[in-house]
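If you want the building blocks of each chain, they are given just below.
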Amino acid sequence: MAETGSTQAGNVQSGMPASWAERARAIIAGEAEPVAPRRAATVVLLRDRPGGAEAYLLRRHTTMKFAAGMYAFPGGGVDPRDADHSVAWAGPEPDAWAERLGTDAAEARAIVCAAVRETFEESGVLLAGPDPTTIVSDTTGADWEADRAALVAREQTMTEFLERRDLVLRSDLLGAWARWITPEFEDRRYDTWFFVAALPTGQRTRDVSGEADRVTWARPADALKQHRAQDMAMLPPTIDTLRHLAELADPAAALAAAADRKIAPIMAQGRFEGDRLVLEWPGIADPFGLR
């Protein structure tokens, strides 16, 4: 394990708030309980380009309570209704996803459904099709936007949306990539499963996320370079994901690599050296991407 970041009161480094040290000390001392993490799903959309695969990134509004001003991938919290057993489904069944994600079948169904729903809500890209072998080729137009807005507002469920359009969720278009859990000393915590997916032919992303003030496509290596130049702020899960994707030639290679990845929870551990809080990510070198 290597020291990867630190903070102490009045001295915030690597974007970490000074309040972390106070909460971490209270939790270590048994004087406070960590906030229970909320389940979430994130999807790294990839498109093939002559210069190499590009990833879709959104910059979260600076007014957001979590990861404000940070570049991230489309995603969000699991809605309890994502676990609906009647959702139209194609691809690996929830039992198979449960084994892959380290959950039970009901939770796996909800996580995968949330991944597809949040991707559509935050980018306009829909990983679904009329049958198990086809994909929707165009999701633009007022009718699609109305459906997307209704999902965002929780006025309709993913099950209702797919059923009305006679579509099936294509779970086979997702590749499980990683699982990151927010450190125990944060006020808002998420247990997030990361997936990769190729941008479907004919579909295109739209700047529709109400949580973002900027969107961009970027080669992973270029995004990391901009992060090191302090032009694109990112959290460790985004940095680590881009670092691994930068080694792959195209979306197909990323999906192939996903099949071999171990999905084990990754969470920073805190310890004190005097008044200094030191964070360690087991197995993750340079999580803040400063080198």
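Quick caveat: nothing in here was measured; it's all calculated off a predicted structure. (Residues numbered from 1 in each chain as written. Predicted model: local features only at pLDDT ≥ 70, side-chain atom pairs only at ≥ 80, totals over all residues. Heavy atoms only, no water.)

1. Here we look at the packing of aromatic side chains
Each aromatic ring pair is summarised here by two numbers: the centre-to-centre distance and the angle between the ring planes. Rules: Working definition: a ring pair exists when centres of Phe, Tyr or Trp rings (six-membered ring for Trp) sit within 6.5 Å. Plane angles under 30 degrees give stacked, over 60 give edge-to-face, the rest tilted. Elements are defined by DSSP. Helices are runs of H or I of four residues or more, strands are runs of E of two residues or more, and each kind is numbered from the N terminus. Note on exposure labels: buried denotes an accessible area under 20% of the residue type's maximum, exposed denotes more than 50%, and partly exposed covers the range between, all computed with a 1.4 Å probe on protein chains only.
Enumeration according to the criterion identifies 6 aromatic pairs in this entry. Each ring, one from Trp 97 and one from Phe 195, has its centre 5.9 Å from the other, and the planes form 70°; the classification is edge-to-face. With Trp 97 in helix α2 (residues 94–101) and Phe 195 in strand β10 (residues 190–198), this residue pair connects regions lying 98 residues apart in the sequence. When its relative accessible area of 5% is taken as the criterion, Trp 97 is described as buried. For Phe 195, a relative accessible area of 0% gives the class buried. Aromatic pair Trp 144 and Phe 161: ring centres 6.2 Å apart, planes at 80°, arrangement edge-to-face. Residue Trp 144 is located in helix α4 (residues 142–152), and its partner Phe 161 is located in helix α5 (residues 158–164); the two are separated by 17 residues in the primary sequence.

2. Some points on the sheet that holds strand β7 (residues 128–129)
Put simply, the rule reads: Strand pairing requires that DSSP identify at least two bridges connecting the strands.
Read from one edge of the open sheet, 3 strands run β6-β8-β7, paired in mixed fashion. Bordering the open sheet on either side are β6 (89–90) and β7, each of which pairs with just one other strand.

3. Quick word on the side chain of Arg 179
To be explicit about the condition: For this analysis, a polar contact is any N or O atom pair within 3.5 Å, provided that within protein one partner can donate a hydrogen and the other can accept it, and provided that sequence-adjacent residues contribute only side-chain to side-chain pairs. The contact rule is simple, with two residues in contact once any of their heavy atoms fall within 4.5 Å.
For Arg 179, the location among the structural elements is in strand β9 (residues 175–181). Of the residues examined, Arg 179 reaches a relative accessible area of 14% and is grouped as buried. At 2.6 Å, the side chain of Arg 179 forms a polar contact with the side chain of Asp 191. Contact partners of Arg 179, with chain neighbours within four places excluded, come to Leu 101, Gly 102, Asp 191, Thr 192, Trp 193, Ile 263, Ala 264, Pro 265 and Ile 266.

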